Amino acid sequence: MITVAGLLLDEILKYLTWIYTDASNYDDYGYPVSNPAYVLVYGRDVLAICIGVFTVVLVTKIRKQIRSRYGIPEQQCVGYEDCCCSFWCNCCTVA
């Protein structure tokens, strides 16, 4: 659900970026040169990073609760296994 919401929000922000910016707002390297373009382009990137970090933290906490509820011991990366699994293979961890 979080991923679907993140993808939908990203598409909305891409559309807004496309509406409110034009080619004259970018330099020769593709970077925005005006303030509205900076806010839309880099704001979208910051939001995507925040959603990714939130997802990893949420999956780590839920995985730790499930392991403690059913008495499943950590096998590798003791102390950090939940975080490593949710970061490196989030889809496998959720499944």
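Not measured: the values here are computed from a predicted model.

Enquirer: Got a minute to help me understand the overall build of the protein in this structure?
Expert: Helix and strand counts for the protein stand at four helices and zero strands. Written out in order from the N terminus, the α and β elements of the protein read α-α-α-α. Within the protein, the proportion of its 95 residues that are buried is 19%. Here the analysis covers contacts within the protein between residues at least 6 apart in sequence; of these, 40% occur between residues at least 24 apart. In the structure as shown, the protein presents an accessible area of about 7400 Å², 67% of it carried by carbon and sulfur atoms.

Enquirer: Could you clarify how one ought to interpret the pattern of salt bridges in this entry?
Expert: If the charged atoms of two oppositely charged side chains come close together, the side chains can form a pair. Going through the model one piece at a time under the given rule, you end up with four salt bridges. A salt bridge links glutamate 81 to arginine 63, with the shortest nitrogen-to-oxygen separation between them at 3.6 Å. Of this pair, glutamate 81 sits in helix H3 (residues 81–88) while arginine 63 sits in helix H2 (residues 35–70), placing them 18 residues apart in sequence. By relative accessible area, glutamate 81 is classed as buried at 12%. For arginine 63, a relative accessible area of 21% gives the class partly exposed. Here aspartate 82 makes a salt bridge to arginine 67, at a shortest N to O gap of 2.8 Å. You can see aspartate 82 sitting in helix H3 and its partner arginine 67 sitting in helix H2, a full 15 residues away along the chain. On the basis of relative accessible area, aspartate 82 is assigned to the buried category, the value being 2%.

Rules behind the numbers
- Residues numbered from 1 in each chain as written.
- Predicted model: local features only at pLDDT ≥ 70, side-chain atom pairs only at ≥ 80, totals over all residues.
- Heavy atoms only, no water.
- Helix = DSSP H or I, 4+ residues; strand = E, 2+ residues; numbered from the N terminus.
- Buried < 20%, exposed > 50% of the residue type's maximum accessible area, 1.4 Å probe, protein only.
- Contact = heavy atoms within 4.5 Å.
- Areas by Shrake-Rupley, 256 points an atom, 1.4 Å probe, with all protein chains shown as cover.
- Salt bridge = Lys/Arg side-chain N within 4 Å of Asp/Glu carboxyl O.

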